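Now for the letters of each chain:
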Amino acid sequence: MPNLHHHRLTSRVVLFDREGRVLLFYTLAPDTSGISRWLTPGGGVDPGENHSDAAYRELFEETGLTGVDLGEPVYEHDFDVAWDNADHDTGHAVFYTAVVDSFEPSHDNWTEDEKVEVFEHRWFSLAELEALTDSFEPADLVELVRTNLPDHS
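The notes below deal with the structure included here. (Residues numbered from 1 in each chain as written. Predicted model: local features only at pLDDT ≥ 70, side-chain atom pairs only at ≥ 80, totals over all residues. Heavy atoms only, no water.)

1. Details of the environment of G42
In this fold, G42 is placed in strand β4 (residues 42-44). For the pair G42 and E61, spaced 19 residues apart in sequence, the C-alpha to C-alpha distance is 8.8 Å. Not counting chain neighbours up to four residues away, the residues in contact with G42 comprise S11, R12, E58 and E62. (Helix = DSSP H or I, 4+ residues; strand = E, 2+ residues; numbered from the N terminus. Contact = heavy atoms within 4.5 Å.)

2. Comments concerning the pattern of salt bridges
Pairing between side chains of opposite charge can happen when their charged atoms approach one another. Tallied over the entire structure, the rule returns eleven salt bridges. With a closest N to O distance of 2.7 Å, D17 and R21 form a salt bridge. A salt bridge links E143 to R146; the shortest N-O distance between them is 2.2 Å. A residue pair is termed a helical-turn pair when its members lie 3 or 4 positions apart in one helix, as E143 and R146 do in helix α4 (residues 141-148) at three residues. The class for E143 is partly exposed, based on a relative accessible area of 38%. (Salt bridge = Lys/Arg side-chain N within 4 Å of Asp/Glu carboxyl O. Buried < 20%, exposed > 50% of the residue type's maximum accessible area, 1.4 Å probe, protein only.)

3. Let's talk about the nonpolar core
L15, L59, L65, V68, L70, V100 and F103 are the most contacted members of the largest nonpolar core, which has 18 residues in total. At the level of elements, β1 (7-17), β2 (22-28), α1 (51-63), β6 (90-100) and β7 (118-124) are the ones that each hand at least two residues to this core. For this core, the element with the highest residue contribution is β6, accounting for four residues. (Core = buried A, V, L, I, M, F, W, Y, C linked by side-chain atoms within 4.5 Å.)

4. Points about the environment of P138
One can find P138 in the loop between β8 (136-137) and α4. In the structure, P138 is positioned 98 residues away from T40 in sequence and 9.2 Å away in space, judged by C-alpha atoms. Excluding its chain neighbours within four sequence positions, the residues that come into contact with P138 are Y75, H77 and F95.

Here it is as structure tokens:
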């Protein structure tokens, strides 16, 4: 069977609280790759959606938040997927940012995959992120957080 190339568009949200901490989810691939990483809320762009629509939908599905102003994208990148069982092998991610009051994310609207893959969520300060040796998606997530850190002085 030929290896078919599948490219997936995704939208992600770098979500800050009023203290400048960022919300990340820790995921573990449910396959033999064993890939784990911290990432922002977000996911695939569905048919008929644009990146902005997908960012709002994913933010609601993964956190329960609505009524957030995401503004214009702050970062984009192309990526390769190394999971064994992924339905795509490359992708393009568009990142948005928002600042909200700190809250406990709701998992009421998670997909079945998210219920299996997401193990933890946490609000991180920049210093805590810089001290982590875990993997991030994207790999330069710490720099993305640093350059978009809201002024909360």
